[in-house]
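Coordinates in review
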Protein chains: 2
Amino acid sequence: MKKLFLLTAAPLLLAAQAAEPLAEPLTPGEVIAATTADDWRPIAPENLLVMTLGTGEEIYIELAAIFAPVHVTNIRNLARAGWYDGISINRVQDNYVVQWGDASERKPLPETVDRSAPAEYEFAMTESHIADFETVQQGNYEPYSGYLEGWPAAHAPREDGQRSGTLIHCYGMVGVGRGDNPDTGTGAELYTVIGHAPRHLDRNIALVGRIVEGIEALSSLPRGTGPLGFYEEAEQRAPIASVRLASEMPKAEQPAFEVMRTDSEAFRAFVRARANRTGWFIRPAGAVDVCNVNLPIRRAEAD
Amino acid sequence: MKKLFLLTAAPLLLAAQAAEPLAEPLTPGEVIAATTADDWRPIAPENLLVMTLGTGEEIYIELAAIFAPVHVTNIRNLARAGWYDGISINRVQDNYVVQWGDASERKPLPETVDRSAPAEYEFAMTESHIADFETVQQGNYEPYSGYLEGWPAAHAPREDGQRSGTLIHCYGMVGVGRGDNPDTGTGAELYTVIGHAPRHLDRNIALVGRIVEGIEALSSLPRGTGPLGFYEEAEQRAPIASVRLASEMPKAEQPAFEVMRTDSEAFRAFVRARANRTGWFIRPAGAVDVCNVNLPIRRAEAD
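Notes on the structure follow. Just so you know, these numbers come straight off a predicted model, no measurement behind them.

**What about the relation of the copies chain A and chain B?**
- Mapping chain A onto chain B leaves a residual RMSD of 0.0 Å; the transformation is a rotation of 180° accompanied by 0.0 Å of translation along its axis. Between the two chains, the operation in question is that of a two-fold axis.
- Of the residues that chain A buries at the interface, 99% are likewise interface residues in chain B, meaning the two copies contact each other through the same surface.

Below, the structure is given as structure tokens:
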């Protein structure tokens, strides 16, 4: 079938690795093809969850341990305890989120879970953070958004003169469901973004990671018909069979992923390529929304 | 079930209509509840399509006749001719688009369809447009984005000194599939956005409308496993039973919708409410992304 409305598909077709940088404009695929191993960071097994639905579909989640250490520790402990096994998808709200947890609200949490986790919604930006920050976008929405240590983030001045950083709610980011303040959630209830980035949630809730593969199993679920997209009937809630930490698996079974480093010239070239599309495109935008960068994350060769 | 991660649900609970404006901050629901009939614009029946899938699910599309008149005329003529009946959903790409059309590429187009439609990708902004434009966002991505005549739009200076306006690819916007330039598409192949707004498509393709109800029937479809999310097997392509113009239906059957006017104080108050969320929120953002305004569109009382 003629493919009307073509994207520039990723042509991994560079015939030879040139010693000099390739002439721009490049396609995003050409930038990826020109990267070397140093341009990629492996996802550590203790930061990788494998969530298996009752259907057998697998969803892979990278945990942002550096930005939400207490909530991530809770999540690792919940996974180690097998606590997530048998919970369900409870809410699917179109152009917003998929949320999962214990629908009965009666499963006791393991002892290892911190029930009073601090509000890991934002962090003080150090000089080092500011130096490493790759700005992608500026505007009245916020002074600076971009990427920090491989994560989509933003920072802004605070009233006390410090600079506040936060991870941001791009598509596929994973956060911790909570009730009203001062509840910060434990990690027992999680959600992911399945629509236009709901940036108004930034700084209001703990982002702890992102889905790196398999989100389609969640984004294609039927939407809940109750308020806020909650399912009204128990049988509508897709069951979750298990959530496992990759580091708890035998090494030979551990899935391996790598993320393009965002403190690299390759990343800057990738952002430029996303901002200046060619081919089918007539008028390149000349800029790119921070949540439309689509940072490359891929399966890696196992060690 | 305790509803962790509450949005401020829309409380249509104003006990009395106050003569004075309500004290801000208001919730989005409070702004809507305080509107009067003058704050809403009905969707004209000749600008409303009813697309019925083979499952019986109905999807309602408002056509942006003022911004893409030739393509919209084509689409009306295709609907009047029943040409869309029996076509299919051919592509579902996660965090991107759902696309539908004639998979066989052999259905002859009606005589009434202009096969050489001009590139209705952008328009010259008149003084009147500029005066009516409600700016929501400014930044390095583009000088101005916001709403114009009820549609999400952006404008920027052009090389020739004129100011160029364009509709923008927010979630649920509908556009015309095309091949390579200079093909502009006819309207026989359409797509809608089901992920983070792909703004790089703005000014490169004709946006012709938006889904005002029923998008869940498309956004929850299984994703295609072929390149770019195209389905690989014919049986995967959900059939479209019919697409009808509301104006061609008996008046008693015509569905009625209304859209909040974007040249109104109510709209400005709504944008402020979206930008300054309260209640469950701890730190209001103070601004809102143009594609996160979520302009109110609702069923209206039939005349």
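There's more to say after this.
**Description of the environment of Gly82(B)**
- Its location among the elements puts Gly82(B) in the loop between helix 2 (69-80) and strand 4 (88-93).
- The exposure class of Gly82(B) is partly exposed, given its relative accessible area of 21%.

**Concerning the interface of chain A and chain B**
- With 71 residues of chain A in contact, the opposing surface of chain B contributes 70 residues.
- For the chain A and chain B pair, buried surface summed over both sides reaches about 6300 Å², with 58% attributable to carbon and sulfur atoms.
- At the junction of chain A with chain B, the criterion picks out three salt bridges.
- Here Glu122(A) makes a salt bridge to Arg283(B), at a shortest N to O gap of 2.9 Å.
- No other element matches the four residues that strand 7 (residues 134-139) of chain A contributes to the side of chain A that touches chain B.
- Within the side of chain A that touches chain B, the residues separate by chemical class into 31 nonpolar, 19 polar and 21 charged.

**A look at the state of the cysteines**
Residue and element names in this part refer to chain B.
- In this structure the tally under the stated criterion is two disulfides over all chains.
- Two residues share a disulfide in this structure: Cys-170 and Cys-291, whose sulfurs sit 2.1 Å from each other. Between Cys-170 and Cys-291, the S-S dihedral sits near -75°, and the bridge is therefore left-handed. Placement of Cys-170 in the loop between strand 10 (163-167) and strand 11 (173-176) and of Cys-291 in the loop between helix 5 (265-275) and strand 16 (297-299) is noted, with a sequence separation of 121 residues between them. Both residues of the pair, Cys-170 and Cys-291, belong to the buried class.

What counts and how
Per chain, the residues get numbers from 1 upward, laid out in the order the sequence is written. Note on labels: chains are lettered from A, ligands numbered from 1, in written order. Selection of residues for local features in this predicted model requires a pLDDT of at least 70, selection of side-chain atom pairs for listing and counting requires 80 or more, and totals for whole chains, interfaces and linings are taken over all residues. For side-chain calculations, the full set of non-hydrogen atoms in the structure is used, while hydrogens and water are omitted. When the copies are superposed, the least-squares fit draws on C-alpha atoms of residues that have pLDDT of at least 70 in both. When checking whether two residues touch, look at their non-hydrogen atoms; a contact exists if any pair is within 4.5 Å. Here a strand is any run of E in DSSP of at least two residues, a helix any run of H or I of at least four, and the numbering for each starts at the N terminus. With a 1.4 Å probe rolled over the protein chains alone, any residue whose accessible area is under 20% of its type maximum counts as buried; one over 50% counts as exposed, and the rest are partly exposed. Summed over both partners, the accessible area (1.4 Å probe) lost when two parts come together is defined as the buried area. Salt bridges are defined by distance alone: a side-chain nitrogen of Lys or Arg within 4 Å of a carboxyl oxygen of Asp or Glu. We call Asp, Glu, Lys and Arg charged. Ala, Val, Leu, Ile, Met, Phe, Trp, Tyr, Cys and Pro are nonpolar, and the rest, Gly among them, are polar. Cysteine sulfur atoms that come within 2.5 Å of each other are treated as a disulfide pair.

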